[in-house]
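Summary of structural features
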Amino acid sequence: MTRSPGTGLSKSRYCYGLQCPRQLWWRAHEPDAPELVAGPALQAVFDRGHRVGALARERFPGGILVDGDHRAVRERVERTRRAVAGGAPAIFEAAFVTGDLFVAVDVLERGRAGWTLAEVKSTLDVKAAHLPDVAVQLHALRACGLDVRRAEVMHLDRACRFPDLSNLFARDDVTAEAEALLPAIPDQLRALRAALAGPLPEAAIGDRCSDPYECPFLARCWPALPPHHVSTLYRIGRRAADLVAGGHQTIRDLPEDVALPAVAARQARSVRSGETVVEPGLAGALARLEPPVAFLDFETVMPAVPAWDGCHPYEQVAVQLSCHVAGPGGRLEHHEFLAEGPGDPRPAVAGAVVRACAGAGTVLAYNAAFERRCLEHLAAAVPARREALEEVARRLVDLLPIVRDHVYHPDFGGSFGLKSVVPALCPGLGYADLDIGEGGTASAVLEALLLDERSLAAEERARLRGQLLAYCERDTLAMVRLVERLRELAGRPGR
Ligand code: SF4
């Protein structure tokens, strides 16, 4: 028996359907939709889930894995039946079918008094969204006659600290919460079945589109907003809905006397005039940068399973840096470092950042709280460099508030992220020409490169290293050009 892609229900389809039947319909009827193709960052999340799942299985000695083609349902159900009858202490990916509902249980553990089902999650806590997932498995297993007494979410334990991974997982009992959801499940399954069998269902857009997970079909359902929609006002939050209700769709529609916080008010002035607004204080803010200025940027990884001494799950670790140093007469020096292999990268990163920033009057970063955290973490992990790293942190200045508090260009779109600000103020300088153009992808690639290097051929590793170096270098070069442009603008404040 193989499953029809269009009609059958599974635990993931049940969860998608609870969030939105329209999303479920598209996922089931258009499994090859471009929105469902995982980019590098999402693929990294999937890969992490697989790695965490494999490690979870190691906690159950003697367990039997029911793997194989996910469409070969009958074969997997039969292998599960044999494992149950054969006395296996635990079964991984245990497969069950009741009616047209198929579930595969991450871990099914035999106990003296009945079975425990465990859903493995690579999160640090049990989340509300995990409970329907567990409940539908409990429903299916009990419908198949299995005596399941306990339901768990097995998640990563934030107390775990490398190299001791004995407490990598915490197992939380969610039996009562899952059982409370059971009575509603038959009607929910009927409704989802009907939705799948019919034409594309209607569904109102709203919170459901991002809760509990961001829907991949947002662009199909949400109307395109006009340029400078009021929701792009800086930090406007829920007040945007009030402005729309008051008849103001775009920033240009707003009356001049509408009260806005300072940054949003500057944004409105800029959008109305179509020109860059520059506050008189910009020159003074830039004058506080002490030459030579080191423009610093770190890239980090956050391995779910800690890999280096003292690290907890998802601890953020700097593994790459770029630093441009602007010396006298506009001379620009570039320093860079990118860790290699699975060893602890922190001593080498610490050394590289201390060398790169040696002699700098100001160390400038964009959204510098991130660089400060990286420096603090490095100082704690590499005591021999602590003082030098603390000295770098003392000279650290944040470029973002200098821009946010003094400049607005109509193309910022309400964002002061480097990737919004630089293309607007420095035309021709962006990230579109790079293979890696944003931090999430860089982090995913870095993690694969360092911790899963055996899965990559040597040429592929070299290619990815080149892309990562180009991306990080672009970030600090963008800061250099941005400061040059700000200095120009500071010479002619206005608007
Ligand atoms: S965007 Fe919203 S309404 Fe549309 S399918 Fe996704 S969750 Fe449903």
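Calculation notes
The written sequence of each chain sets the order in which its residues are numbered from 1. Reporting in this predicted model follows two pLDDT cut-offs: at least 70 for local features of residues, and 80 or more for side-chain atom pairs to be given and counted; totals over whole chains, interfaces and linings ignore these cut-offs and use all residues. Side-chain descriptors were evaluated using all non-hydrogen atoms of the structure, hydrogens and water having been removed beforehand. Here a strand is any run of E in DSSP of at least two residues, a helix any run of H or I of at least four, and the numbering for each starts at the N terminus. Exposure classes here rest on a 1.4 Å probe applied to the protein chains alone. A residue is buried below 20% of its type maximum, exposed above 50%, and partly exposed in between. Residues count as neighbours in contact if any of their non-hydrogen atoms are within 4.5 Å of one another. What makes a residue near a molecule or strand is one non-hydrogen atom of that residue sitting within 4 Å of it. Under the convention adopted here, Pro, Cys and the residues Ala, Val, Leu, Ile, Met, Phe, Trp and Tyr are nonpolar, Asp, Glu, Lys and Arg are charged, and Gly plus all remaining residues are polar. The term salt bridge refers to a side-chain nitrogen of Lys or Arg lying within 4 Å of a carboxyl oxygen of Asp or Glu. Two strands pair if DSSP finds at least two bridges between them. Inter-axis angles, ranging from 0 to 180 degrees, are taken between N-to-C directions of lines fitted to C-alpha atoms, where helices are fitted over the stretch in contact. Here the aromatic set is Phe, Tyr and Trp, taking the six-membered ring for Trp, and pairing holds for ring centres within 6.5 Å; pairs whose planes are under 30 degrees apart are stacked, those over 60 apart are edge-to-face, and all others are tilted. For a Lys NZ or an Arg CZ to count as sitting over a ring, it must be within 6 Å of the ring centre and within 35 degrees of the ring normal.

1. Points about the overall build of the protein chain
Along the backbone of the protein chain there are 18 helices and 14 strands. Its C-alpha atoms put the protein chain at 80 × 60 × 40 Å along the principal axes. Taken over 495 residues, the protein chain has a buried fraction of 46%. When contacts within the protein chain are restricted to residue pairs at least 6 apart in sequence, those whose partners lie at least 24 apart make up 67%.

2. A short note on the site of the ligand
Every residue lining the ligand is accounted for by Cys20, Arg22, Gln23, Trp26, Ile205, Cys209, Cys215, Phe217, Leu218 and Cys221. Those elements that provide at least two residues to the shell around the ligand are α2 (21–29) and α8 (218–221). Per-element tally for the shell around the ligand: the top contributor is α2, with three residues. For the shell around the ligand, the per-class residue count stands at eight nonpolar, one polar and one charged.

3. Brief notes about the pattern of salt bridges
Evaluation of the coordinates by the stated rule reveals 32 salt bridges. The salt bridge partner of aspartate 173 is arginine 150, with a shortest N-O separation of 3.2 Å. One end of the pair, aspartate 173, is in strand β7 (residues 169–173); the other, arginine 150, is in strand β6 (residues 148–156), with 23 residues separating them in the sequence. Under the relative-accessibility criterion, arginine 150 is labelled partly exposed at 29%. Ionic pairing is found between glutamate 279 and arginine 266, a salt bridge with its closest N-O pair at 2.7 Å. You can see glutamate 279 sitting in the loop between β8 (277–278) and α11 (282–287) and its partner arginine 266 sitting in helix α10 (residues 262–273), a full 13 residues away along the chain. This pair shows no difference in class: glutamate 279 is buried, exactly as arginine 266 is. Put simply, Lys11, Asp106, Glu119, Lys121 and Asp133 are held in one network by salt bridges that share partners.

4. Some details on the sheet that holds strand β10 (residues 317–326)
Each strand in a sheet pairs with another by means of backbone hydrogen bonds, the pair being arranged parallel or else antiparallel. Pairing is mixed across the open sheet formed by five strands, whose spatial order is β11-β10-β9-β12-β13. The sheet is open, and its two borders are formed by β11 (332–338) and β13 (396–398), each paired with just one other strand. Neighbour-to-neighbour, the strand axes of the sheet open up by a mean angle of 30 degrees, direction not taken into account. The pairing of strand β12 (residues 362–365) with β13 spans three bridges and is parallel. Counterpart to valine 363 in the pairing with β13 is leucine 396.

5. Focus on the pairing of strand β4 (residues 101–111)
By the criterion of burial, β4 is predominantly enclosed, with eight of the 11 residues buried. Relative to β4, strand β1 (residues 9–10) runs parallel, the two being bridged by two bridges. Looking at β4, one finds that serine 10 is bridged to phenylalanine 102. When strand β3 (residues 90–98) meets β4, the two strands line up antiparallel, connected through eight bridges. The residue bridging threonine 98 from the neighbouring strand is leucine 101, located in β4. Bridging between β4 and strand β5 (residues 114–120) involves five bridges; their strand directions are antiparallel.

6. Some remarks on the packing of aromatic side chains
In the structure shown here, the tally under the stated rule is seven aromatic pairs. A ring pair is formed by tyrosine 234 and phenylalanine 416, whose centres lie 5.2 Å apart and whose planes are at 85 degrees; its orientation type is edge-to-face. Separated by 182 residues along the polypeptide, tyrosine 234 in the loop between α8 and α9 (239–245) and phenylalanine 416 in the loop between β14 (407–408) and α16 (418–425) bring together distant segments of the chain. Taken individually, tyrosine 234 and phenylalanine 416 each receive the classification buried, so the pair is uniform in this respect. Plain terms: the ring middles of tyrosine 408 and phenylalanine 412 are 5.1 Å apart, the flat faces sit at 65 degrees to each other, and that makes the pair edge-to-face. Among the aromatic side chains, those forming a connected cluster through ring pairs are Tyr234, Tyr408, Phe412 and Phe416. Directly above the aromatic system of tryptophan 26 lies the positively charged group of arginine 220, at a separation of 4.8 Å from the ring centroid. Over the ring of tyrosine 431 we find lysine 419, and its NZ or CZ is 4.5 Å from the ring centre.

7. Here we look at the pairing of β12
Burial along β12 is two-sided: Thr362 and Leu364 and Val363 and Ala365, pointing in opposite directions, are all buried. Judged from the three bridges that link them, strand β9 (residues 293–301) and β12 form a sheet pairing that is parallel. Bridge pairing in β12 places phenylalanine 295 opposite leucine 364.

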